[in-house]
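Geometric and topological summary
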Amino acid sequence: MRLIGQLGLLGALVATGYSAFACIAGWSLRHRGVQLSGIVAAVIGASLWTLTSYGLALALLNKDFHFAYVAHYCSRSLPWHYALSALWVGQAGSLLLWAWLCGLLALIFYSIAGRSQSSLRVPTTGLLMGFCSFLVATMVFFADPMVASLAPPRDGVGLSPLLQHPAMLFHPQIGRASCRERV
């Protein structure tokens, strides 16, 4: 699953980079085929993020300590709902979540703006895909959530007790603010 996640990130980097370029270049050249290929690349990139996010979430739920991210933020005694919330606790997982959300929102924007036939929906989608490409490049080169644990431990470090709060299940910022109030 780790290899599929890493390939998904690399594929998403290529797809979103191409999508950003094709949407903006196709719009400026008024070439409908290039614009359409950019939108198709955006859908492919979002699908690859979904696959990667699903893989990391599944690893967290199964407590697969072959992932360094899981070994660092999860433990065998952690309940499943906090194990799933560990997806956005660390930098790499948070970047993955934001890239996934940004890609989905870009596609939703493209779909909704299509009803009004706005002339700026394609370049706007391209700009959003450019931002997503930046997030994915940051993950690929600096904060890979799919990196292997060199010596998988029997049990992980676990989630900080301060982050084990019900608000953390809904929104990381709400959870962190509530945790500060408890301290």
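Placed above this text is the structure.
What you see is a predicted model, and the numbers here were worked out from it, not measured in a lab. (Residues numbered from 1 in each chain as written. Predicted model: local features only at pLDDT ≥ 70, side-chain atom pairs only at ≥ 80, totals over all residues. Heavy atoms only, no water.)

1. A word on helix H5 (residues 91–113)
With 23 residues, H5 ought to run about 33 Å at 1.5 Å a step, and its terminal C-alpha atoms sit 32 Å apart, in line with that. Among the residues of H5, Ala-92, Gly-93, Leu-95, Leu-96, Leu-97, Ala-99, Cys-102, Gly-103, Ala-106, Leu-107, Tyr-110 and Ala-113 are the ones counted as buried. Where the residues of H5 are buried, they touch helix H1 (2–29), helix H2 (32–62), helix H3 (68–73) and helix H6 (121–141). (Helix = DSSP H or I, 4+ residues; strand = E, 2+ residues; numbered from the N terminus. Expected span 1.5 Å × (residues − 1). Buried < 20%, exposed > 50% of the residue type's maximum accessible area, 1.4 Å probe, protein only. Contact = heavy atoms within 4.5 Å.)

2. Structural notes on the environment of Ala-59
With respect to the helices and strands, Ala-59 occurs in helix H2. Note on Ala-59: relative accessible area 4%, which makes it buried. With eleven residues separating them along the chain, Ala-59 and Val-70 place their C-alpha atoms 7.0 Å apart. If we ignore the near neighbours within four places in the chain, the residues touching Ala-59 are Asp-64, Phe-67 and Val-70.

3. A closer look at the side chain of Ser-133
You can see Ser-133 is positioned in helix H6. Ser-133 has contacts with Leu-13, Thr-16 and Gly-17, leaving out every residue within four places of it along the chain.

4. What to know about the packing of H2 against H5
Interaxial distance between H2 and H5 falls to 9 Å at its minimum, and their mutual angle equals 145°. Considering only the axes of H2 and H5, their crossing is left-handed. Note on element contacts: H5 touches H2 through Gly-93, Leu-96, Ala-99, Trp-100, Gly-103, Leu-107 and Tyr-110, opposite Ile-39, Ala-42, Val-43, Ala-46, Trp-49, Thr-50, Thr-52, Ser-53 and Leu-56. For the contact of H2 with H5, a count of residues per class yields eleven nonpolar, five polar and no charged. (Axes fitted to C-alpha atoms, helices over the stretch in contact; angles between N-to-C directions. Left-handed = near helix turned anticlockwise from the far one by under 90°. Nonpolar A, V, L, I, M, F, W, Y, C, P; charged D, E, K, R; others polar.)

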